Amino acid sequence: MKNLWIVVSFLCAISAGAADKVKIGFVSTLSGPNASIGADIRDAFNLAIKLNGGRLGGLPVEVLVNDDQLKPENAKQIVERYLRLDKVDFITGTVFSNIVLAIAPDVVAAKTFFIAPNAGPAQYSGGQCNPFFFVSSWPSEAYSEAAGHYVTSKGIKNVLFLAPNYQGGKDAANGFKRYYKGRLVDEMYTKLGQLDYAAELSQIRAAKPEALYVFLPGGMGVNFIKQFVAAGLSKDIQLIVPLWGSDQDIIRAVGEPMLGLFSVGHWSIDMDNAANRKFVAEFERAYGRLPTGYAASGYDTAMLIDSAVRRVKGKIEDKEALRAAIRAADFKSVRGDFRFGPNQFPVQNYYLQLVGKGGDGRLAHRTIGTVLQNRADAYAQDCKMK
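Below you will find a few notes about this structure. (Residues numbered from 1 in each chain as written. Predicted model: local features only at pLDDT ≥ 70, side-chain atom pairs only at ≥ 80, totals over all residues. Heavy atoms only, no water.)

Details of the pairing of strand β5 (residues 113-116)
Of the two faces of β5, the one lined by Phe113 and Ile115 and the one lined by Phe114 and Ala116 are each fully buried. Direction of pairing for strand β4 (residues 90-92) relative to β5: parallel, over a ladder of two bridges. The residue bridging phenylalanine 90 from the neighbouring strand is phenylalanine 113, located in β5. For the segment spanning β4, helix α4 (residues 97-109) and β5, crossover handedness is right-handed. (Buried < 20%, exposed > 50% of the residue type's maximum accessible area, 1.4 Å probe, protein only. Helix = DSSP H or I, 4+ residues; strand = E, 2+ residues; numbered from the N terminus. Pairing = 2+ DSSP bridges. Right-handed = clockwise from strand over helix to strand, strands pointing away.)

Considering the nonpolar core
For soluble globular proteins, nonpolar side chains are generally found buried alongside one another. Among the nonpolar cores identified, the biggest contains 125 residues, and Phe90, Phe224 and Phe279 are the most heavily contacted of them. Of the residues forming this core, the biggest block, ten residues, is contributed by helix α11 (residues 293-311). (Core = buried A, V, L, I, M, F, W, Y, C linked by side-chain atoms within 4.5 Å.)

Considering the sheet that holds strand β1 (residues 22-28)
Strands belonging to one sheet form pairs held by backbone hydrogen bonds; the direction of such a pair is parallel or antiparallel. Here we have six strands laid out as an open sheet, ordered β2-β3-β1-β4-β5-β6, and mixed in their pairing. The sheet is open, and its two edges are formed by β2 (55-56) and β6 (133-135), each paired on a single side. When β1 meets strand β3 (residues 59-67), the two strands line up parallel, connected through seven bridges. Along β3, the bridge assignment pairs serine 28 with aspartate 67.

Regarding empty space enclosed by the protein
Counted according to the given criterion, the structure contains one cavity of 30 Å³ or more. Around the largest cavity, the lining comprises 15 residues; the ones closest to its centre are Asn118, Ala119, Tyr166, Phe215 and Trp244. (1 Å grid on protein atoms, 1.4 Å probe; cavity = no way out; pocket = protein on both sides within 12 Å on 5 of 7 lines; lining within 4 Å. Points joined across faces, edges and corners; volume = space filled by probe spheres on them.)

A closer look at helix α12 (residues 319-328)
Within the span of α12, buried status applies to Leu322, Arg323, Ala325 and Ile326. Seen along its axis, α12 keeps its buried residues to an arc of 160 degrees; they face one direction. Here the buried face of α12 lies against β4, β5, β6, α11 and β12 (339-340). In the stretch just after α12, alanine 329 is the one whose phi turns positive, near 50 degrees. (Arc of directions from axis to C-beta. Contact = heavy atoms within 4.5 Å.)

Section: unusual backbone geometry
Residues other than glycine seldom take positive phi values, yet lysine 313 does so here, at roughly 55 degrees. Notably, asparagine 374 is not glycine yet its phi reads approximately 45 degrees, a positive angle. For asparagine 374, the location among the structural elements is in strand β14 (residues 363-375).

Structure representation (structure tokens):
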């Protein structure tokens, strides 16, 4: 009789629409000079699953991982396979906004949930917002808004801006100019993935700005900071970067010259909440390195999916209920308070950080103030999504 009851219960679960597992298509940049970014997002995402006993929302999880090689055409092919053959429930893992813009139209057209753990292109925060498009990290202009606000508050009268020539770089420029009230000496754009900045450094030296705001993620930032310091420019020009311009991946590569560098970010290792303390300790235990902001967002993305699947009791086929569950964001974020705005982009704080030495002698971020509070983005009012 007991066995019969188990069978009946199992059949009832099937008829109620509960899935037997969660399938996630993970497409990320896992090779080349920016591979560390995708690796951090992937490793933190997998860590959250491991700490949840191999499950998300109580269901077993299958994560399909592929490298887009920072090529939009590769990403499109990978996602087409995820959607048509693998029938995934979620797609995530993306690093760069040009990849997001290449694949998001296909994902949302297939009514599959896309959750961006890094780049959050401005297009999808306004008029192109979509019920199936979420950003668990930050709007792409927000970090640079915080940087513009900070340099304005410090009375810096002229700044030079430098970024790669792609959508993320253009978004960064828009954000910085929205909040910076001084004179923009120049707006310089480099090739995406560029590693030699000799020509740009010569132009910067000639321009003599008071400060330099640089948006160069991954290996680009590593090489730029090394060359900037080696050229002796750090003595005369204040360098300001978003979190990923002075994060642990760059600290590991550059070392002592990072001391005293100011940055702005949505998260830091020293955030004093239970979820973050657990995340930092478990990440270092698992991988032998301190986590980055990329890793923090990858971890939060997995926990967001976990909370949504749990909230719908595994019935992930009910897209409306699942969307409402994702929007609820009922999980403990490593960044503290977390909620979505009406366009399904985060509303959160951005902090001023300083690279210093901890009690153990290691270089890491130290949070020294709040730059923007409960900041959403500049385009949420243009989103007409219900």
